[in-house]
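# Fold and contact review
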Amino acid sequence: MATNIVRNENSNRPATAPISLRLRHCGRTFPGTRGSHAPHVALQPLDLDVEPGETLVLLGPSGCGKTTTLRIISGLEQPDIGGQVWFGEEDVTQLPIEKRDVGMVFQNYALFPNMNVEANIAYGLRIRGLSPDDIRRRVGEMVDMVHLNGLERRPVHELSGGQKQRVALARALAVRPRVLLFDEPLAALDAKLRDRLRVDIGQLLRSLGITSVYVTHDQAEAMALGDRIAVMENGRIAQLGTPREIYHHPGSAFVADFIGSVNRLEIKGAEEGQLMVAGGRLSVARYHGASVLYCRPEDIEVCPVTQAAITGRVLQTFFLGQSQRLFVDTGAETPLQVESPSREQWLPGQTIGLSIAEEALFSIADAQ
Amino acid sequence: MSPDRRESRRQPRSGAVFEGRSVPKGRRRLRGWSWMLAPALGFFLAFWLLPFVRLIVMGAGPDNNTGIAGYWMVLTHEQYLSSLMSTLLLSIAVSVSAVLIAGFCGYFLARHQFPGKSWLLSMLTFPLAFPGVVVGFLVIMLGGRQGALAQLSLWATGERWTFAYSLTGLFVGYLYFSIPRVIMTVMAACEKMDTSLEEAARSLGANTRQVVVDVIIPAIRPALISTGAICFATSMGAFGTVFTLGTRINVVPIAIYGEFTNYANFAMAAALSVILGLVTWISLFFARRLSGEYVGGGA
Ligand SMILES: Nc1ncnc2c1ncn2[C@@H]1O[C@H](COP(=O)(O)OP(=O)(O)OP(=O)(O)O)[C@@H](O)[C@H]1O
Ligand SMILES: [Mg+2]
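This structure is a prediction, so every number in the text was calculated from the model and none was measured.

### Quick notes on the pattern of salt bridges
- Summed over all chains, the structure comprises 23 salt bridges over all chains.
- Asp227 of chain A is paired through a salt bridge with Arg206 of chain A; the nearest N and O atoms lie 3.5 Å apart. Pair noted here: Asp227 of chain A is in the loop between helix H7 (219–225) and strand E9 (228–233) and Arg206 of chain A is in helix H6 (residues 191–208), with a separation of 21 residues, a long-range link.
- Overall, the relative accessible area of 30% leaves Asp227 of chain A in the partly exposed class.
- For Arg206 of chain A, a relative accessible area of 47% gives the class partly exposed.
- Members of the salt-bridge network, linked through shared partners, are Arg28, Arg71, Glu77 and Asp80 of chain A together with Glu199 of chain B.

Rendered as structure tokens:
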């Protein structure tokens, strides 16, 4: 009962200043199931800081531990001994999820099927014991915020996927949570809806300034929504940085490859200040001594063969609409990927000249 | 069948096409069906409908002693009415208690993993395999004159406490074979349930009680209703257990047996049978409507 009273005051507070979120040494090991193998380390002990009001995206391939991290933050999962979760200055490690004041948005919406839109949004407010007037007012605000006007009385099974996810978002936001957690909220939607809802969620997160953690395996979503991105690999954070840092200065071959496409250029030697690569030479002042350099397909330019630094033969073209992707054989093990304007016509077998600006090249510390 | 046929006329693709002429698939299928249906119909008529109609007609016949029509006797005569009422109340009590007790157990078992769980589950389902006679015998072992409770009370107070030969004994026995069935149904429903619903409710601040009331019960309501209805129907018609416990317990199946075997009072036996069948059928019917899922009858 005592906690109840505290909670009521909590939820009535005016939109307070956003809080920071810190994980300290949070790992998670699942015991091996019966009849099978040893304990499974889903998450290596990790530290993670989310600034007040920031949106941090956890990005990574399936099974890398994104959901596990999110569940540790929410309180649905306990970290292994020694792990700590801090909301602002409060250690919430021992608090169960219902006392943590987190909002959750799931991939499968998780709307209460026995309640209509309004009742779903009002649920958390009802639990907190708000007066009917306050509940009605807050639900109204939320409905406006997520553009669901006119659908208040609909049973949730009559909504489209996008509308369902808007209800879920409104339901999570209605209680003014301290931290908002998303687990692949757009993964079940079709491309068009996904884009629209992504824009809406992005605007909401920016305007509300609520501390959020957003799990996805879609890199475009990650870059559009994240103030910072943590790229995860095998239960650890491979790189943490702004979308720009991650894209232009990937810290590992894994990150470079996971975010966008990347070309790998093996350096065969240096001659007169130029680096020899398959199909030609690069005139660069830096990177002497490097054995491998990388560049993005869109940073390679097509130019007349006579002025080209690298020449090759077009193997295949993929028309993408806004551009086209060329696969060029330069004699290297893997073809070079080049993004070129979509109006140029290239046929397989044609000889093509390419140039790469020095700024477009980058090296990666852990690469060999 | 008819929309299928119309469809096939408009779109020859859905029927076989021979020399540009489409053969409607639906009609062919219907003709095949009617052949298959004939023996089934014959069987239905011979073994179900005929005896049943005869039973209904017989129930309207005169009672041996009073000459009053059987159905009217059941509804007006103290002895039959009380037997009907006690059977109804007993069955309601059994199904409500079974759903309450086993509902919690089933939810707990579905949501928790512990060593020995599969062993416990197979023990729990054991009573499902027992015939009513054996269940009756078990109740006597527990609450009969030589039963465990009697031994215990004899030692403690010098008196033999028994409950086996009464409605209480019957209640215990019926509970005994209802609970496993409810546990199994509830467990299956809980495992099918989307756990993120519970998690969403908890993230919004709901405590365990609120999660159960707002999320879990609504989600497994169809399972609770249907399994409750089956328990009710089973308890209404069960015979073996009560027969073992003694024919002095006044429930409808025993009454039917008594009228038929002891007094050759066929009208009364038929009337009671029809009413028993009707009550059971109605309960299953409503359960099906309310739960939206298929509900089969009990043993
Ligand atoms: N309850 C559990 N018991 C045992 N192993 C688990 C459990 N939950 C997760 N794991 C394992 O932990 C690892 C990380 O799982 P997690 O769900 O965090 O991955 P994810 O990054 O969210 O993947 P996805 O993109 O597929 O959702 C996986 O190998 C998974 O099999
Ligand atoms: Mg996941």
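### Here's the deal with a nonpolar patch on the surface
- On the surface, Leu37, Leu41, Phe44, Leu45, Trp48, Phe52 and Ile56 of chain B cluster together into a nonpolar patch covering about 620 Å² of accessible area.
- Inspection of the secondary structure puts Leu37 of chain B in helix H2 (residues 25–59).

### Details of the site of ligand 1
All names here are of chain A.
- Around ligand 1, the neighbouring residues are Phe30, His40, Ala42, Pro61, Ser62, Gly63, Cys64, Gly65, Lys66, Thr67, Thr68 and Glu184.
- Here Lys66 contributes a side-chain N or O atom positioned 2.8 Å from an oxygen atom of ligand 1.
- Compared with its free state, where it exposes 630 Å², ligand 1 has 60% of that area covered by protein.
- A per-element tally of the shell around ligand 1 places helix H2 (residues 66–74) first, with 3 residues.

### Considering the sheet that holds strand E8 (residues 211–216) of chain A
Residue and element names in this part refer to chain A.
- The sheet built from 6 strands is open, its strands ordered E6-E7-E8-E3-E9-E10 with mixed pairing. Edge strands, defined here as strands with exactly one partner in the open sheet, are strand E6 (102–105) and strand E10 (236–241). This sheet shows a mean twist of 20° between the axes of neighbouring strands, independent of strand direction.
- Where strand E3 (residues 55–59) meets E9, 4 bridges bridge the pair, whose relative direction is parallel.

### Focus on the interface of chain B and chain A
- On the side of chain A, 24 residues touch chain B, which itself brings 15 residues to the contact.
- The contact between chain B and chain A buries some 1700 Å² in all, and 56% of this surface belongs to carbon and sulfur atoms.
- Contact with chain A buries area across many residues of chain B, yet Glu199, Ser203 and Leu204 of chain B alone supply 37% of it, more than any other trio.
- We note a salt bridge from Arg202 of chain B to Glu98 of chain A, for which the minimum N-O separation is 3.2 Å.

### Some thoughts on the nonpolar core
- Of all hydrophobic cores here, the largest spans 123 residues; its most connected members are Phe87, Ile121 and Ile201 of chain A.
- With 11 residues, the top contributor of residues to this core is helix H8 (residues 167–192) of chain B.
- Not counting chain neighbours up to four residues away, the residues in contact with Ile201 of chain A comprise Leu169, Phe182, Leu186, Tyr214 and Leu225 of chain A.
- Judged by nonpolar contacts, the second largest core, of 28 residues, contains Leu265, Tyr294, Ile352 and Ile364 of chain A.

### With respect to the pairing of strand E13 (residues 274–277) of chain A
Residues and elements named next belong to chain A.
- Only one face of E13 is buried: it carries Leu275 and Val277, and the other face, with Gln274 and Met276, is open.
- Pairing of strand E12 (residues 269–271) with E13 involves 3 bridges; the strand directions are antiparallel. When the sheet's bridge partners are listed, Gly269 is paired in E13 with Met276.
- If you look at the hairpin formed by E12 and E13, you'll find 2 residues sitting between the two strands, and Glu272 has a positive phi there, around 45°.
- Bridge analysis of E13 against strand E14 (residues 280–283) gives 4 bridges, and the strand direction is antiparallel. In the strand pairing of E14, Val277 is matched with Gly280.
- Between E13 and E14, which follow one another and run antiparallel, lie 2 residues, and Gly279 among them has a positive phi close to 90°.

Cut-offs and rules
- Residues numbered from 1 in each chain as written.
- Chains lettered and ligands numbered in written order.
- Predicted model: local features only at pLDDT ≥ 70, side-chain atom pairs only at ≥ 80, totals over all residues.
- Heavy atoms only, no water.
- Salt bridge = Lys/Arg side-chain N within 4 Å of Asp/Glu carboxyl O.
- Helix = DSSP H or I, 4+ residues; strand = E, 2+ residues; numbered from the N terminus.
- Buried < 20%, exposed > 50% of the residue type's maximum accessible area, 1.4 Å probe, protein only.
- Patch = residues over 30% accessible without salt bridge, like charges linked within 9 Å, V, L, I, M, F, W, Y side chains within 5 Å.
- Areas by Shrake-Rupley, 256 points an atom, 1.4 Å probe, with all protein chains shown as cover.
- Near = heavy atom within 4 Å.
- Polar contact = N/O pair within 3.5 Å; in protein donor to acceptor, adjacent residues only side chain to side chain.
- Pairing = 2+ DSSP bridges.
- Axes fitted to C-alpha atoms, helices over the stretch in contact; angles between N-to-C directions.
- Contact = heavy atoms within 4.5 Å.
- Buried area = accessible area lost by both parts, 1.4 Å probe.
- Core = buried A, V, L, I, M, F, W, Y, C linked by side-chain atoms within 4.5 Å.

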